[in-house]
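# Structural description and commentary
Read off the chains here:
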Amino acid sequence: MALGLKAAVAEVARTMHRDGLVVGSAGNVSARAEGESTMHITPTRVPYADLQAEHVVTVTFAGDPIEGEGLPSSESLMHGAIYAARPDVQAVVHAHPVHASAMAVRRESIPAFVDEQVVYLGGEVAVSSYAPAASKDLAERAVAALGERRAVLLANHGTLTVGRDPVDALEMTRLTERLAHIWLLASSRPGAQRLPRDLVDAEIELYRMMQSEGGV
Ligand SMILES: [Zn+2]
């Protein structure tokens, strides 16, 4: 089971790299492990193109090593903080997709403008206030800005998305990137419209219902 989960983490990291959502060994992928307060996470300094299950390391939510020879991702604290705050989350993907990162540099949230965004991600995609990469502050701010939703922008940095497994969390990264791309195009001229507030509120209720039933 652990090897299956580690293989899923490695495969999603390779896919994330192949699809241009990060370059080199930037970004990171993790899955909640069976032990209490532990997770499987991608190592630092291994090129994702070559990443295999045996490179994935098991650490505590505080980043202390449990199993594996590699150095755990420098963003282990952020992943751990998300699992500690969100018992529903089974996997976390942190990436640097171009359009979503552009929104993060502008420190602008992606407003709710299509139905699938609200139903799958839980509403607008907020931006966490700035903190340096790998810091404890970044971990705390990411948790706060994510709230009950499934995607957040990290100011001047990238994205963080969550899901029921690594593939699902990566899908949420793709959706966030697509939404950012559409919004940047739509808002490049006057007249971009958001969804009506009362519709968004109703769809957030639907999102909550689906989450409480085991996720969308
Ligand atoms: Zn990063």
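Rules used throughout
- Residues numbered from 1 in each chain as written.
- Predicted model: local features only at pLDDT ≥ 70, side-chain atom pairs only at ≥ 80, totals over all residues.
- Pairing = 2+ DSSP bridges.
- Helix = DSSP H or I, 4+ residues; strand = E, 2+ residues; numbered from the N terminus.
- Contact = placed C-beta atoms within 7 Å.
- Axes fitted to C-alpha atoms, helices over the stretch in contact; angles between N-to-C directions.
- Buried ≥ 20, exposed ≤ 12 C-beta atoms within 10 Å, placed from the backbone.
- Arc of directions from axis to C-beta.

### Structural notes on the sheet that holds strand E8 (residues 158–163)
Strands sit in the order E4-E3-E2-E1-E5-E8-E7-E6 across an open sheet of eight strands; the sheet is mixed. In this open sheet, the two edge strands, each paired with only one partner strand, are strand E4 (65–67) and strand E6 (127–128). As defined by bridge partners, strand E5 (residues 91–95) adjoins E8 across five bridges and the pair is classed as antiparallel. Paired with His94 across the bridge in E8 is Leu160. Across the sheet, helix H3 (residues 98–106) lies against E6, strand E7 (151–154) and E8, angled at about 60° from E7, the strand it touches most.

### Focus on the pairing of E5
Burial within E5 is extensive, with five of its five residues counted as buried. Taking every second residue as pointing to the same face, both faces of E5 are buried, with Ala91, Val93 and Ala95 on one and Val92 and His94 on the other. The pairing of strand E1 (residues 28–32) with E5 spans four bridges and is antiparallel. Each residue of the ladder has a partner; that of Ala31, found in E5, is Ala91.

### Points about H3
Buried within H3 are the following residues: Ala100, Ser101, Met103 and Ala104. End-on view of H3: buried residues confined to an arc of 155°, all on one side of the axis. Check the buried side of H3 and you find it contacts E6, E7, E8 and helix H6 (166–186). Positive backbone phi, at 55°, marks Arg107, one or two positions downstream of H3.

### Observations regarding unusual backbone geometry
In this structure, Ser37 takes a positive phi of about 55° despite not being glycine. Here Ser37 shows up in the loop between E1 and strand E2 (38–41).

### Observations regarding the environment of Gln117
By the secondary structure assignment, Gln117 is in helix H4 (residues 115–121). Taking C-alpha positions, Gln117 is 19 Å from Ala91, a pair spaced 26 residues apart along the chain. When sequence neighbours within four positions are dropped, the list of residues in contact with Gln117 reads Ala112 and Leu179.

Spatial relationships are all this shows, so hold off on functional conclusions.
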